Amino acid sequence: MDMFIVRGGERLFGSVTVSGAKNSALPLMAAALACEGETTLSSIPNLVDVTTQSRVLGSLGMDVQRDESGLLHLKTVDESACIADYDLVRRMRASVCVLGPLLAKRRMACVSLPGGCNIGDRPIDLHLKGLAALGAQIRVDRGYVIARADRLRGANIFLGGAFGSTVTGTCNVMIAATLAEGTTTIESAACEPEVVDVGNFLNACGARIEGLGTPFLKIEGVERLQAVEHEVIPDRIEAATLMIAAAMTGGDVQLNEVRPDHITAVMEKLREIGVTIQLEYPQQPERRQSVWVKVTQPLKSVDCIALPYPGIPTDVQAQLMSLLACVPGISIVTDKVFPDRFMHASELARMGAKIRRESASAILNGVSRLSGACVMASDLRASAALVLAGLAAEGETVIRRIYHLDRGYECLEEKLIALGANVQRVKDEPENMPESLKLTDGEERPTYSELLDALTGPHWNLNPSEKPTPSAEG
Ligand code: UD1
């Protein structure tokens, strides 16, 4: 297993290009199952999750190849396979997106329930509700969703849940409905750009979907979808992560291949915090373009709420929390999409952040500087948040379990290094632990003398009589 050593304090400077969106790529790949002929996808990021999705599709009779120019080619070679096994599905929840296309095209599907995950409960009841409304017979047996259907039939479906709309659930039902007989309406559909991207792909293949990007979709079923070539949208979460990295290091960074209209809420929030953001084409936010992010004034604490699109994405909540943890003043970060997604808070606290959890919110008392520590990544976006915290912290930060990052960020460390960050990937072995964080007896803690220094050092603002006199024992 690898870990990162981040030496904080370097100001990020220069230009960086954002990769294609992981969250578009995965359902798009699944949608290829519903098509005749060869689908070709460009700007697909090179990620562990993409490899996993390729393996899921391979197990379902698809030939998936990446050519030298980076294009991903997907073609069905065997329509008889219909089982997506737990071993693959448990690695990545987005593999559940094969359910809709399998049912629509092959009339049967057996997909493992994805199981729990570190960001909270992630049921798929809405996916199943939508597919059942289209006429699928569904049962859950020994951890698998087993579904069969004659030709699916159009229906009126309400897809809202307790936490709003569902992104992959909308993709699943929308893909299935394109091949259903008659008209389907989906109310409370997810409006995320990734859903729109999948819908645009399907329309290019011959589907008839109206209302993409709104909560109301109308889908006229068609007999067949003919595969086409499609370019994936830029990754708005990566763009937001890099913007926050620039802000946290007082940097001056040019991001290329950004769709500003996909991250309006994040840019507005960063501006409210005091970050300067300029667009290449301010009058055309829907155009791919360069965006400049720099810090020219002290930053201010703010409140922010993660909401379904067009709100601040839950996938940027952790990174914003890292930023606000080191902006003096009180900030409140709330997550309405995944109310338990706060595993990063306790790791940030190890770096000196002052954070108190209150149900779906975290209350932060921003400190002027975080300090390096050994921290553990718990999920993809939490890992990114810890890397950002390390960039801004004083001293060295070790981030363990960064395999989460490799699932969803293409070349993040290379991109940060090119901008001037000091990030090193090493094997997670005791001998690679930096001196400043070296273990004494196999545990992650400073040496006794370092703790004694911290207790008796010069930075205390106490009367001499109140200074602690630690015992000299080890
Ligand atoms: C997608 C993204 C993920 C992002 C999330 C929210 C992909 C591959 N992943 O995940 O990065 O964090 O959207 O923007 O695109 N829910 C239900 N029942 C369901 C489905 C969802 O109650 O059947 C709830 C979830 O628990 C959650 C909320 O709805 O509270 C949103 O989840 P959803 O949009 O489905 O997330 P994913 O599509 O899995």
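This one's a predicted model, so the numbers in the text were calculated from it and none came from an experiment.

A. Just the overall build of the protein chain, in detail. Check the secondary structure of the protein chain and you find 15 helices and 24 strands. Relative to the compact-globule value of 23 Å for 474 residues, the protein chain shows a C-alpha radius of gyration of 24 Å, a close match. With the C-alpha coordinates aligned to their principal axes, the bounding extent of the protein chain is approximately 85 × 50 × 45 Å. Taken over 474 residues, the protein chain has a buried fraction of 53%. Put simply, of all contacts in the protein chain between residues at least 6 apart along the chain, 73% involve residues at least 24 apart. When the accessible surface of the protein chain is summed, it comes to about 19,800 Å², and 49% of that surface belongs to carbon and sulfur atoms. Within the protein chain, the 59 negative side-chain charges are centred at a point lying 3 Å from the centre of the 47 positive side-chain charges.

B. Up close: the pairing of strand 23 (residues 396–400). Of all five residues that make up strand 23, five are buried, and the element is covered over most of its length. Judged by which residues are buried, strand 23 turns out to be covered on both faces: E396, V398 and R400 on one side and T397 and I399 on the other are all buried. Relative to strand 23, strand 1 (residues 2–7) runs antiparallel, the two sharing four bridges. Within the sheet, the bridge partner assigned to V6 lies in strand 23 and is T397. The sheet contact formed by strand 22 (residues 374–376) and strand 23 spans three bridges and is parallel. Bridge pairing in strand 23 places M376 opposite R400. Regarding the hand of the β-α-β motif, the stretch spanning strand 22, helix 12 (residues 380–392) and strand 23 is right-handed.

C. Representation of the nonpolar core in the model. Judged by nonpolar contacts, the single largest core of 74 residues is most densely connected at L74, V98, V111, L134, M174, L202 and L225. Among all residues touching L134, those that are not within four sequence positions of it are L152, R153, G154, A155, I157, V173, A176, A177 and T184. Ranked by size, the runner-up nonpolar core spans 71 residues in total, among them V253, I263, M351 and V375.

D. The site of the ligand, seen in detail. In the region of the ligand, 19 residues are neighbours, and D125, T166, T168, D315 and V337 sit closest. Residue N23 places a side-chain N or O atom 3.1 Å away from an oxygen atom belonging to the ligand. Between the ligand and D125, the relevant distance is 2.7 Å, taken from a nitrogen atom to a side-chain nitrogen or oxygen of the residue. When the free accessible area of the ligand is taken as 740 Å², the share hidden by the protein chains comes to 90%. Put simply, the parts of the chain that give the shell around the ligand at least two residues each are helix 5 (125–133) and helix 6 (167–178). Top element by residues in the shell around the ligand is helix 5. It accounts for three residues. In the shell around the ligand, the residues fall into eight nonpolar, six polar and five charged.

E. Layout of the packing of aromatic side chains. If you walk through the whole model with that rule in mind, you get zero aromatic pairs. When the ring centre of Y281 is taken as reference, the NZ or CZ atom of R287 above it lies at 3.7 Å.

Calculation notes
- Every chain is numbered on its own, with residues counted from 1 as its sequence reads.
- In view of the model being predicted, local features appear only for residues whose pLDDT reaches at least 70, and side-chain atom pairs are presented and counted only at 80 or more, with totals across whole chains, interfaces and linings using the full set of residues.
- Hydrogens and water molecules were not included; the side-chain quantities draw on all heavy atoms of the structure.
- In DSSP terms, a helix is any run of H or I states spanning at least four residues, a strand is any run of E spanning at least two, and both are numbered starting from the N terminus.
- Only C-alpha atoms enter the radius of gyration; for comparison, a globular chain is expected to reach 2.2 Å times N to the power 0.38, where N is the number of residues.
- Here the term buried applies to any residue with accessible area under 20% of the maximum for its type, exposed to any over 50%, and partly exposed to those in between, with areas from a 1.4 Å probe on protein chains only.
- The contact criterion used is simple: two residues touch if any of their non-hydrogen atoms lie within 4.5 Å.
- Here the accessible surface of atoms and residues is derived via Shrake-Rupley with a 1.4 Å probe, and residues count as covered only by protein chains that are part of the display.
- The charge count includes Lys and Arg as positive and Asp and Glu as negative, but it does not include His or the ends of the chains.
- Each charge is placed at NZ for Lys, CZ for Arg, CG for Asp and CD for Glu.
- Any two strands between which DSSP finds at least two bridges are classified as paired.
- When the strands point away from the viewer, a crossover counts as right-handed if the route from the first strand across the helix to the second turns clockwise.
- Among the buried residues, those of types Ala, Val, Leu, Ile, Met, Phe, Trp, Tyr and Cys that are joined through side-chain atoms within 4.5 Å form a nonpolar core.
- Any residue with a heavy atom positioned within 4 Å of a molecule or strand is treated as near that molecule or strand.
- Pairs of N or O atoms are called polar contacts if they sit within 3.5 Å, as long as, within protein, a hydrogen donor faces a hydrogen acceptor (for residues adjacent in sequence, only side-chain-to-side-chain pairs).
- Here the term charged refers only to Asp, Glu, Lys and Arg, the term nonpolar to Ala, Val, Leu, Ile, Met, Phe, Trp, Tyr, Cys and Pro, and the term polar to all other amino acids, Gly among them.
- Two rings belonging to Phe, Tyr or Trp (six-membered ring only in the last case) form a pair when the distance between their centres is within 6.5 Å. Interplanar angles under 30 degrees mark stacking, angles over 60 mark edge-to-face geometry, and anything in between is tilted.
- Here, a charge over a ring means that NZ of Lys or CZ of Arg falls within 6 Å of the ring centre while also lying within 35 degrees of the ring normal.

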